[in-house]
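Listed below, chain by chain, are the residues.
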Amino acid sequence: METLDLDESERVAALLDAEAKATALFDEVVARSIITPGATESEVSDAVRDLANEMFGTRRFWHKRIVRSGINTLEPYASKPPNLVIESDDICFLDFGPIFAEWEADFGRTFVLGDDPAKLALRDALEPLWQQGRDYFDATPDITGEQLYAWVVDRATEQGWEFSAPIAGHLVGEFPHKQISGTDITTYVAPDSTAPMRRLDPTGRACHWILEIHLIDRERNIGGFFEQLLDVRPLDQ
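This one's a predicted model, so the numbers in the text were calculated from it and none came from an experiment. (Residues numbered from 1 in each chain as written. Predicted model: local features only at pLDDT ≥ 70, side-chain atom pairs only at ≥ 80, totals over all residues. Heavy atoms only, no water.)

## With respect to the pairing of strand β8 (residues 222-229)
Across the 8 residues that make up β8, a large majority, 8, are buried. Direction of pairing for strand β7 (residues 208-217) relative to β8: antiparallel, over a ladder of 8 bridges. By the bridge assignment, His214 is partnered in β8 with Phe225. Hairpin connection of β7 to β8: 4 residues between the antiparallel strands, including Asn221 at a positive phi of 60°. (Buried < 20%, exposed > 50% of the residue type's maximum accessible area, 1.4 Å probe, protein only. Helix = DSSP H or I, 4+ residues; strand = E, 2+ residues; numbered from the N terminus. Pairing = 2+ DSSP bridges.)

Quick look at the structure:
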């Protein structure tokens, strides 16, 4: 069935299924110790790519695969930093956008090798701030991307972190969502994104969103990243 023929409940189910597969993929990355000292970022990226194919037959990713470690964790999505070797006490994050049966997932997590307290604190700050952002989204029916971005940046600053990323999320959906929903600033959680996030796309279907959190500890030159679906969730949440 073409994705355009699906009703809204089927679209939500497909997005949740794609995210569940992405979660399972990342769980298996940990189980297989793919993020290991001595591996390069590109080697980890290729290993996750191959694992996605092994587990789900997934060969396509709707955005570039990102593995960042050490000082590279400071870099925003658009950067192309040098390919680093992961160290024994490193912090690193993965940002992958696999396509499952023509549906996009976008999933990011941060991993700490070793027991450095500052790196663990940064990792552990990510999901709570993401949850606070979702709670604010839930409580603000007419929220715009600009308003959510400003709120997340303010909370990050209050909590002692730097939020330097130019966006804090974006639309997600049927691949390729950018051709369906447009590419202007209103498709992002970002400054100048002034359209209500709860709206219909140009095809008349509900917009769905990813919220992403990129925090930086500038003093220690480390960063962390967390992202997942913002506006839809399993029934048990």
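## Here's the deal with unusual backbone geometry
With the exception of glycine, most residues fall at negative phi, and the peptide bonds are largely trans. Of note, Ser33 is a non-glycine position whose phi angle comes to about 55°, a positive value. Turning to its location among the elements, Ser33 is positioned in the loop between α1 (8-31) and α2 (41-56). Owing to a relative accessible area of 48%, Ser33 belongs among the partly exposed residues under this scheme. Here the phi dihedral of Asn221 falls at roughly 60°; this positive angle occurs in a residue that is not glycine. The residue Asn221 is located in the loop between β7 and β8 in this model. On the accessibility criterion, Asn221 (33% relative accessible area) is partly exposed.

## Considerations on helix α3 (residues 117-139)
Between its first and last C-alpha atoms α3 spans 33 Å; for 23 residues at 1.5 Å apiece the expected length is 33 Å, and the two agree. Residues Ala118, Lys119, Leu122, Ala125, Leu126, Leu129, Trp130, Gly133, Arg134 and Phe137 constitute the buried set of α3. Here the buried face of α3 lies against β2 (91-96), β5 (107-112), α4 (145-158), β7 and β8. Measuring from the backbone nitrogen of Ala118 back to the side-chain oxygen at the start of α3 gives 3.0 Å, which picks out Asp116 as the cap. (Expected span 1.5 Å × (residues − 1). Contact = heavy atoms within 4.5 Å. Polar contact = N/O pair within 3.5 Å; in protein donor to acceptor, adjacent residues only side chain to side chain.)

## Focus: the packing of aromatic side chains
As enumerated under the stated definition, the model contains 6 aromatic pairs in all. For the pair Phe26 and Phe96, a centre-to-centre distance of 6.1 Å together with 85° between the ring planes defines the contact as edge-to-face. In this pair, Phe26 sits in helix α1 while Phe96 sits in strand β2, placing the two residues 70 residues apart along the sequence. Each member of the pair Phe26 and Phe96 is classed as buried. Given a relative accessible area of 3%, Phe26 falls into the buried group. The ring of Trp151 has Arg155 lying over it, and the distance from NZ or CZ to the ring centre is 4.8 Å. (Phe/Tyr/Trp six-rings, centres within 6.5 Å; stacked < 30°, edge-to-face > 60°. Lys NZ or Arg CZ within 6 Å of the ring centre and 35° of its normal.)

## Details of the nonpolar core
Grouped together as the largest cluster of nonpolar side chains are 30 residues, with contacts concentrated most on Leu148, Phe163, Met197, Leu211, Ile213 and Leu215. Breaking this core down by element, the ones donating at least two residues are α3, α4, β7 and β8. Not counting the four nearest positions on each side in its chain, Ile213 is found in contact with Leu126, Leu129, Trp130, Val152, Phe163, Gly224, Phe225 and Phe226. Judged by nonpolar contacts, the second largest core, of 29 residues, contains Ile34, Ile35, Phe96 and Leu229. (Core = buried A, V, L, I, M, F, W, Y, C linked by side-chain atoms within 4.5 Å.)

## Observations concerning the packing of α3 against α4
At a closest axis distance of 10 Å, the pairing of α3 and α4 adopts a crossing angle of 140°. Comparing their axes, α4 and α3 come out oblique. Relative to α4, the crossing made by α3 is right-handed. Between α3, through Leu129, Gln132, Gly133, Tyr136 and Phe137, and α4, the contact on the second element is made entirely by Gln147, Leu148, Trp151, Val152, Arg155 and Ala156. Broken down by class, the residue content of the contact of α3 with α4 amounts to 7 nonpolar, 3 polar and 1 charged. (Axes fitted to C-alpha atoms, helices over the stretch in contact; angles between N-to-C directions. Parallel < 35°, antiparallel > 145°, perpendicular 65-115°, else oblique. Left-handed = near helix turned anticlockwise from the far one by under 90°. Nonpolar A, V, L, I, M, F, W, Y, C, P; charged D, E, K, R; others polar.)

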